[in-house]
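Here are the chains, one letter per residue:
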Amino acid sequence: MDRELTPAAVESRLTTRWLGRPLQVEAQVDSTNSRLHEFARRGAAEGLVLVADSQTSGRGRQQRQWHSPPGTNLYFSVLLRPEWPVGATPPLSLAAGVALAEAIGPLLPAAPVLKWPNDLLFQGRKLAGILVEAQTDRQAVRYAIVGIGVNVNQESFPEELAERAGSLRGVTGQSHDRAEVLARLLGALETWIERLQSSPAEVLETWQSYAPWIGRPIAVTMGQATLTGTALGLTPDGTLRLRDAAGREQVILSGDVEQAAY
Ligand code: BTN
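The structure displayed is predicted, hence computed values, not measured ones. (Residues numbered from 1 in each chain as written. Predicted model: local features only at pLDDT ≥ 70, side-chain atom pairs only at ≥ 80, totals over all residues. Heavy atoms only, no water.)

## Comments concerning the packing of aromatic side chains
Part 1 of the reasoning: A full pass over the atoms with the stated rule returns one aromatic pair.
Part 2 of the reasoning: When the centroid spacing of 6.2 Å and the interplanar angle of 85 degrees are considered together, the rings of W207 and W213 count as edge-to-face.
Part 3 of the reasoning: The exposure class of W213 is buried, given its relative accessible area of 0%.
Part 4 of the reasoning: When the ring centre of W192 is taken as reference, the NZ or CZ atom of R195 above it lies at 4.6 Å. (Phe/Tyr/Trp six-rings, centres within 6.5 Å; stacked < 30°, edge-to-face > 60°. Buried < 20%, exposed > 50% of the residue type's maximum accessible area, 1.4 Å probe, protein only. Lys NZ or Arg CZ within 6 Å of the ring centre and 35° of its normal.)

What follows is the structure in structure tokens.
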């Protein structure tokens, strides 16, 4: 049963100390990330979470849209005010990926897969995505926003997504309480964001434990270019290492792993 997605429904299940305190739920926004940028500029405190039942302009990575219909999925953004110098920003998206895998994995019949840079997949279908955006000045990160979309109870997708997208309901055959899934996710996010400070190697290691495609052939698209080779793993700052056909090691800062033998 999907109870209503209200602050009270989420808060009654929330185990966090600071994340999601406070938590704001809106029926509809353009994009929870865009709205949270406005809150952050006006001085909102670390830990604020903005959740929307639907988004009219949900944003994905690489200027893509995030399909955000009402009454069925989770779309939320988290405000962080970390004390990180510019250029030494730990890989927040990896911590968020691990949190997604650890929170959602127990709801699935088998372990999910993390696809670089930050998609959560099950049997090749994308269940969730992460969009991290940081605002920096010359010296420091002023704030960071972690936006997450999870396909929870959606039963069918538009034609262009139908082959690649999936939902928790599609995988498990039952509907899930969005407030409960969100509370679990926020708990895992708090844990893994804190661990990024205390034990970054553990974040990297755990992320890679959800990536069975490491050690196998992959293709990475970067704009018009495609690079093929063997995935070697991630660097500590979250970039992808690949051995190309000529045997050279390449480090990829941004792109999409398009084919992976998993
Ligand atoms: C991706 O896989 O391309 C990232 C998708 C991120 C979507 C979420 S939904 C909540 C938050 N608000 C947005 O506009 N985008 C993120």
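Next, the rest of the story.
## As for the pairing of strand β3 (residues 74-80)
Part 1 of the reasoning: Counted residue by residue, β3 has seven buried out of seven residues, so it is predominantly covered.
Part 2 of the reasoning: With burial as the criterion, each face of β3 is covered, one bearing L74, F76, V78 and L80 and the other bearing Y75, S77 and L79.
Part 3 of the reasoning: Here strand β2 (residues 49-55) pairs with β3 via four bridges, running antiparallel. Pairing of A52 across the sheet is with Y75, part of β3. (Helix = DSSP H or I, 4+ residues; strand = E, 2+ residues; numbered from the N terminus. Pairing = 2+ DSSP bridges.)

## Re the nonpolar core
Part 1 of the reasoning: Core analysis: the biggest nonpolar cluster contains 67 residues, and F76, L186 and L189 have the highest contact counts within it.
Part 2 of the reasoning: The element best represented in this core is helix α5 (residues 178-198), accounting for eleven residues.
Part 3 of the reasoning: The two domains that each donate at least three residues to this core are domain 1 (7-209) and domain 2 (217-260).
Part 4 of the reasoning: When sequence neighbours within four positions are dropped, the list of residues in contact with L189 reads L19, F76, V78, A96, A99 and I148.
Part 5 of the reasoning: Counting nine residues, the second largest nonpolar core, distinct from the first, contains L36, A40, L50 and I145. (Core = buried A, V, L, I, M, F, W, Y, C linked by side-chain atoms within 4.5 Å. Domains from an automatic or database assignment. Contact = heavy atoms within 4.5 Å.)

## As for the site of the ligand
Part 1 of the reasoning: Around the ligand, 20 residues are found, and the nearest of them are S31, T32, R59, R61 and K126.
Part 2 of the reasoning: Measuring from a nitrogen atom of the ligand, one finds a backbone N or O atom of R59 at 2.7 Å.
Part 3 of the reasoning: In isolation the ligand has 420 Å² of accessible area, and contact with the protein removes 99% of it.
Part 4 of the reasoning: Of all the secondary structure elements, the ones that give two or more residues to the shell around the ligand are α2 (32-41), β3, β6 (125-136) and β7 (141-150).
Part 5 of the reasoning: A breakdown of the residues in the shell around the ligand according to their chemical character gives six nonpolar, ten polar and four charged. (Near = heavy atom within 4 Å. Polar contact = N/O pair within 3.5 Å; in protein donor to acceptor, adjacent residues only side chain to side chain. Areas by Shrake-Rupley, 256 points an atom, 1.4 Å probe, with all protein chains shown as cover. Nonpolar A, V, L, I, M, F, W, Y, C, P; charged D, E, K, R; others polar.)

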